[in-house]
Amino acid sequence: MNFRSAFAHLRRRRWIVIGAAAGAALAATAIVVVTVVVPATASSSDETIPTTAIASLETLDKSISTSGTLTPLVNEQVSFAVSGTVTKVSVAEGDTVEKGDTLATVDTISLDAALLQAKADLASAQAKLSDSYDESDGSTADLAQIAANAAAVEVAEAAVEDAEDAVDDATLTAPAAGVITSVGVEVGDAVGSAAGGATTAAFTIVGTDAWAVDVTVGEADVALIEVGDQVELATDDGVAFFGVVSEVGILPSTDTGAAAYPVSIDVTGTAEGLFDGISVTAEIIYERRTDVLTGASAAITTDGETSTVTVITADGAQVVTPVEVGETVGTLTEIVSGIVEGDEVLVAAFTPGEGNAGTTEGVTRDFGPGAGGTGTVGERPDFGGQAPGQ
């Protein structure tokens, strides 16, 4: 069980607790079940079995919940820029390519001929320019002819460059790394602008190492979000990954009857099991508070405006202590004053009945060394970007 699923019933904008054991920015959480089992042989007595927890410093996040669709940042439709007949297709659907890899080639007969003609035209233009210099007597007419011939040389040079580029374009290469998801040509096909040439993309390349998520948020939430805010993401099948807000839209859509503002999220780091078009949930963290003193909510008793906890002293004595409380997060409550980090507080006490087995179960927090109960604490990888509130 992860922290988010444990508190899924909380309202959409809520506090999220991140375990202080992993640090303020890279926090870890754990939900553990503390079980006290009383043996069946226990007799009726005044004996009580206490459950305690240790007050600790935590990181508290405020977030906005939304959902969206995963899309690759690289999604290239690649086609030939020249006309010709396909002579070779070097890749197939599902192949992985790197930037610059050859995808396919077309014949270069007409392209080579065009290049030779362009070079011949350039040579002719250069000869005319040279003759005009030799024959000029400095008259206005001769100077004008020189200028015209010089311009013709420039045009011819540009034509040669274009023809050379066209020959290079006969080999179609990958503009980016990714996976070939579609191949629209085969050997013998006519492509390019020539009559009868293919008009659909020859290849589609989708990147697998750079992703984005597009989501929408309501009017009340959009003002809370900024570029650089960290985001916790998850797929429907439980793959967790992270991102940062890359863009916050200022123009809403009203297709659903309410204003919905677009927010773009860039996925950070690497994650397995991501595919184009899958649905993901997003927790956009817009506020972060670090080193917040917290205690188990079950340890706090409130009577009117007064809240107290029962502190267990070093000699085992129980001392009722007034506390000032702040935000409550599921099983945790912020302690503003009254106790300090490391104080042990009573969460519950159980008195077994005579001649039967008694069991007390409760969900509590793994407060680190010295706390009651154990649990597995998961690590949160580096989000990338600046942590909110830091």
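About the thresholds
- Residues numbered from 1 in each chain as written.
- Predicted model: local features only at pLDDT ≥ 70, side-chain atom pairs only at ≥ 80, totals over all residues.
- Heavy atoms only, no water.
- Helix = DSSP H or I, 4+ residues; strand = E, 2+ residues; numbered from the N terminus.
- Buried < 20%, exposed > 50% of the residue type's maximum accessible area, 1.4 Å probe, protein only.
- Contact = heavy atoms within 4.5 Å.
- Areas by Shrake-Rupley, 256 points an atom, 1.4 Å probe, with all protein chains shown as cover.
- Axes fitted to C-alpha atoms, helices over the stretch in contact; angles between N-to-C directions.
- Parallel < 35°, antiparallel > 145°, perpendicular 65-115°, else oblique.
- Left-handed = near helix turned anticlockwise from the far one by under 90°.
- Nonpolar A, V, L, I, M, F, W, Y, C, P; charged D, E, K, R; others polar.
- Pairing = 2+ DSSP bridges.
- Expected span 1.5 Å × (residues − 1).
- pLDDT = per-residue confidence, 0-100.
- Patch = residues over 30% accessible without salt bridge, like charges linked within 9 Å, V, L, I, M, F, W, Y side chains within 5 Å.
- Salt bridge = Lys/Arg side-chain N within 4 Å of Asp/Glu carboxyl O.
- Lys, Arg positive; Asp, Glu negative; His and termini not counted.
- Charge placed at Lys NZ, Arg CZ, Asp CG, Glu CD.

This brings us to the overall build of the chain. What the chain contains, in helices and strands, is 4 helices and 23 strands. Relative to its full complement of 390 residues, the chain shows a buried share of 38%. Once local pairs closer than 6 in sequence are excluded, the contacts in the chain between residues at least 24 apart make up 76%. Of the roughly 20400 Å² of accessible surface on the chain, 51% is carried by carbon and sulfur atoms.

With that out of the way, let us pick up the packing of helix H2 (residues 109-135) against helix H3 (residues 140-169). Relative orientation of the contacting elements H2 and H3 amounts to 160°, with a least axis distance of 8 Å. Considered as vectors, H2 and H3 are oriented roughly antiparallel to each other. At the point where H2 passes H3, the crossing takes the left-handed sense. Among the residues making up the contact of H2 with H3, the classes are represented as 18 nonpolar, 3 polar and 8 charged.

Before going further, it helps to spend a moment on the sheet that holds strand E8 (residues 102-106). Strand order in this open sheet of 4 strands is E9-E8-E6-E11, and the pairing throughout is antiparallel. Looking at which strands have only one partner, the edges of the open sheet turn out to be strand E9 (171-173) and strand E11 (190-191). Taken together, the 3 bridges between strand E6 (residues 84-89) and E8 define a ladder with antiparallel strand orientation. Directly across from valine 86, in E8, lies its bridge partner valine 106.

Moving on: H3. Taking 1.5 Å of rise per residue, 30 residues should cover 44 Å, and H3 covers 44 Å from first to last C-alpha, within 8% of that figure. For H3, every residue scored as buried is listed here: Ile146, Asn149, Val153, Ala156, Val160, Ala163 and Ala166. Those residues of H3 hidden inside the fold are in contact with H2.

Chain-level statistics for the chain give a pLDDT mean of 78 and a share of 75% at 70 or above. Within the chain, the lowest mean pLDDT, 35, falls on strand E2 (residues 31-38), and the highest, 96, falls on E8. The model gives residues 1-44 a pLDDT under 50, and that stretch makes 140 contacts with residues more than four places away or in other chains. Per-residue pLDDT stays below 50 along residues 354-390; that stretch engages in 114 contacts with residues further than four places along the chain or on separate chains.

A surface patch of negative charge is lined by Glu154, Glu157, Glu161, Asp162, Glu164, Asp165, Asp168 and Asp169. Mapping aspartate 165 onto the fold places it in helix H3.

Through backbone hydrogen bonds, the strands of a sheet pair up, either in parallel or in antiparallel fashion. The 4 strands are arranged E5-E12-E10-E7 in an open sheet whose pairing can be described as antiparallel. What marks the edges here is a single partner per strand, and that holds for strand E5 (75-78) and strand E7 (96-97). Pairing between E7 and strand E10 (residues 178-183): 2 bridges, direction antiparallel. Bridging across to E10, threonine 96 finds its partner in valine 179.

By the secondary structure assignment, valine 206 is in strand E12 (residues 203-206). Through-space distance from the C-alpha of valine 206 to that of threonine 96 is 9.5 Å; in sequence the pair is 110 residues apart. The residues touching valine 206, leaving out its near neighbours within four places in the chain, are Pro72, Val74, Asn75, Gly178, Val179 and Thr181.

With respect to the helices and strands, valine 215 occurs in strand E13 (residues 211-218). Classification of valine 215 as buried rests on a relative accessible area of 4%. In the structure, valine 215 is positioned 147 residues away from glycine 68 in sequence and 4.5 Å away in space, judged by C-alpha atoms. Contact partners of valine 215, with chain neighbours within four places excluded, come to Thr66, Ser67, Gly68, Tyr261, Pro262, Val263, Ile265 and Ile284.

This next bit is on the pairing of E8. Most of E8 sits inside the fold, with 4 of its 5 residues counted as buried. Of the strand pairs in this sheet, E8 and E9 are connected by 3 bridges, and their pairing is antiparallel. Paired with threonine 105 across the bridge in E9 is threonine 171.

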